[in-house]
Amino acid sequence: ALDVRSNDYGDLVVTKGDQYDVREAGGSSSSGGKGSVRNLGKPLALAQKYAREGVDEIAFLNITSFRTNVIEDLPLVDLITEASR
């Protein structure tokens, strides 16, 4: 499963949280001491890599969907469409 969310620039990235915190430690005091969103790579590139390695299935988890309306999340829908090709 790939945990997918937008970074601070609006790009979809795969991330991994530490107790639901997906930001790097050590940001500025103006950012609440938090850094940028932890970025493990681009979702499509990682999905393609895992497909070449022979995985049976890939799940994209929209880990911020509870904050926004799913209809507004077209970038993730576009990602899933492209990955299925």
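Our structure's up above, just so we're on the same page.
Note that the structure is a prediction, hence the values are computed from the model and not measured.

Criteria and cut-off values
- Residues numbered from 1 in each chain as written.
- Predicted model: local features only at pLDDT ≥ 70, side-chain atom pairs only at ≥ 80, totals over all residues.
- Heavy atoms only, no water.
- Salt bridge = Lys/Arg side-chain N within 4 Å of Asp/Glu carboxyl O.
- Helix = DSSP H or I, 4+ residues; strand = E, 2+ residues; numbered from the N terminus.
- Buried < 20%, exposed > 50% of the residue type's maximum accessible area, 1.4 Å probe, protein only.
- Contact = heavy atoms within 4.5 Å.

Comments concerning the pattern of salt bridges
- One pass over the structure, following the stated rule, counts four salt bridges.
- Asp8 serves as the salt-bridge partner of Arg23, at 2.6 Å between the closest nitrogen and oxygen. Residue Arg23 is found in strand 3 (residues 23–25), and its partner Asp8 is found in the loop between strand 1 (2–6) and strand 2 (12–14); the two are separated by 15 residues along the sequence.
- The partly exposed category is assigned to Arg23, whose relative accessible area is 25%.
- On the accessibility criterion, Asp8 (45% relative accessible area) is partly exposed.

Looking at the environment of Leu46
- Counting through the fold element by element, Leu46 comes out in helix 1 (residues 43–52).
- Considering only alpha carbons, one finds Leu46 and Ala83, 37 residues apart in sequence, at a separation of 9.9 Å.
- Leu46 has contacts with Leu2, Val14, Leu40 and Gly41, leaving out every residue within four places of it along the chain.

The values reported here are purely geometric and, on their own, carry no functional implication.
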